[in-house]
Amino acid sequence: MRSGAGGEASPPAPPLLHPSRPMQPRTVAIRLATPEDASVLAELGARTFRDTFAAGNTQSDMDAYLAQSFSPDVQSRELADPATTFIVASLDGQPVGYAKLCTGAAPACVPGNKALEIVRFYLEKTWVGLGLGGSLMRACLDHARRSRVDVVWLGVWEHNPRAIAFYKHWGFVVVGEHNFVLGADVQRDLLMARGVAG
């Protein structure tokens with residue numbers, strides 16, 4: 001799978017503010033998803049994936065991938081999988097980002113004995129670069145520690161420099177590559193990994 005990035009490569013920004021009330025911080029919440037979140041995750045997932053990748057891909061390839069990857073039924077099955085965990089980031093109760101995590105076998109190039117994959121990592125484009133991505137990544141790494149894995153890995157499109165910079169900032173290094181199929185287009189993703197300790 002492929003992770004975008006919803007964060008910044010620099011230190012976290014000040015608290016998020018209401019656009020119309022600049023002195024009032026928004027309430028940020030990070031939580032585990034529940035089965036009732038299937039429709040929300042399907043809609044949020046499709047929208048953030050399109051926002052991240054539409055400019056660099058054809059409409060037909062985007063439509064094909066979104067149709068097979070995002071729907072309430074698809075996300076319901078993913079939520080029911082005991083190896084899968086979704087983490088949702090919300091502002092004032094409104095979901096604006098999420099991460100999908102999976103335990104299981106990793107590619108041979110990923111070091112470690114027990115791995116957790118960040119399958120998806122996305123934020124609404126309005127909130128990219130304001131610190132929320134860092135909160136979501138901390139939640140992913142905390143989950144990895146609780147799961148007693150020793151390595152976290154992900155795939156990121158080679159033509160997504162902002163995402164690559166964000167992951168490097170969080171200690172991920174390139175360990176390999178693999179193909180990612182978007183519709184009819186075979187693309188190259190970089191595989192990045194980091195240890196869980198620290």
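Just above sits the structure.
Reading guide: rules and limits
Residues numbered from 1 in each chain as written. Predicted model: local features only at pLDDT ≥ 70, side-chain atom pairs only at ≥ 80, totals over all residues. Heavy atoms only, no water. Buried < 20%, exposed > 50% of the residue type's maximum accessible area, 1.4 Å probe, protein only. Helix = DSSP H or I, 4+ residues; strand = E, 2+ residues; numbered from the N terminus. Arc of directions from axis to C-beta. Contact = heavy atoms within 4.5 Å. Pairing = 2+ DSSP bridges. Axes fitted to C-alpha atoms, helices over the stretch in contact; angles between N-to-C directions. Core = buried A, V, L, I, M, F, W, Y, C linked by side-chain atoms within 4.5 Å. Salt bridge = Lys/Arg side-chain N within 4 Å of Asp/Glu carboxyl O.

A. Inspection of helix α5 (residues 161-169) at higher detail. Those residues of α5 not exposed but buried are Ala163, Ile164, Phe166 and Tyr167. Angularly, the buried residues of α5 cover 160° about the axis, an arc narrow enough to put them on a single face. Along α5, exposed side chains directed more than 90 degrees from the buried face belong to Pro161 and Lys168. On the buried face of α5, the contacting elements are β4 (115-123), α4 (132-146), β5 (151-157) and β7 (185-195). Phi for Gly171, located one or two positions after α5, is positive at around 95°.

B. Expanded view of the side chain of Thr84. Its location among the elements puts Thr84 in strand β2 (residues 84-91). Thr84 gets classed as buried once you look at its relative accessible area, which sits at 10%.

C. Highlighting the sheet that holds β4. The sheet built from 7 strands is open, its strands ordered β1-β2-β3-β4-β5-β7-β6 with mixed pairing. Edge positions in the sheet fall to β1 (28-32) and β6 (173-182), since each of these pairs with one other strand and no more. Pairwise comparison of adjacent strand axes, ignoring direction, gives a mean angle of 25° for this sheet. Pairing geometry for β1 and β2, over 5 bridges, is antiparallel. Residue pairing for β2: Ile30 is matched across the bridge by Ala89. Taken strand by strand, helix α3 (residues 72-80) contacts β2, β3 (94-103) and β4, and its axis lies near 115° from that of β2. Across the sheet, α4 lies against β1, β2, β3, β4, β5 and β7, angled at about 160° from β4, the strand it touches most.

D. Broad picture of the pairing of β7. As paired elements, β5 and β7 share 7 bridges and run antiparallel to each other. Across the sheet, Trp157 pairs through a bridge with Asp189, a residue of β7. Joining the antiparallel neighbours β6 and β7 is a turn of 2 residues, in which Gly183 adopts a positive phi near 65°.

E. Fine view of the environment of Ala89. Positionally, Ala89 belongs in strand β2. When the C-alpha positions of Ala89 and Val28 are compared, they lie 7.3 Å apart, and in sequence the two are 61 residues distant.

F. View of the nonpolar core. Among the nonpolar cores identified, the biggest contains 31 residues, and Ile118, Phe121, Met137, Cys140, Val156, Tyr167 and Phe172 are the most heavily contacted of them. Per-element tally for this core: the top contributor is α4, with 7 residues. One finds Ala38, Met62, Tyr122 and Phe180 within the second-largest nonpolar core, a separate group that totals 18 residues.

G. The arrangement of the pattern of salt bridges in detail. Within the structure shown, the criterion is met by 9 salt bridges. A salt bridge links Arg47 to Glu43, with the nearest nitrogen and oxygen atoms 2.0 Å apart. Linking Arg47 with Glu43, this pair stays in helix α1 (residues 38-53), spanning 4 residues, or about one helical turn. Its relative accessible area of 26% is what places Arg47 among the partly exposed residues. Look at Glu43 and you get partly exposed, because its relative accessible area is 45%.

Honestly, it's all geometry; don't read function into it.
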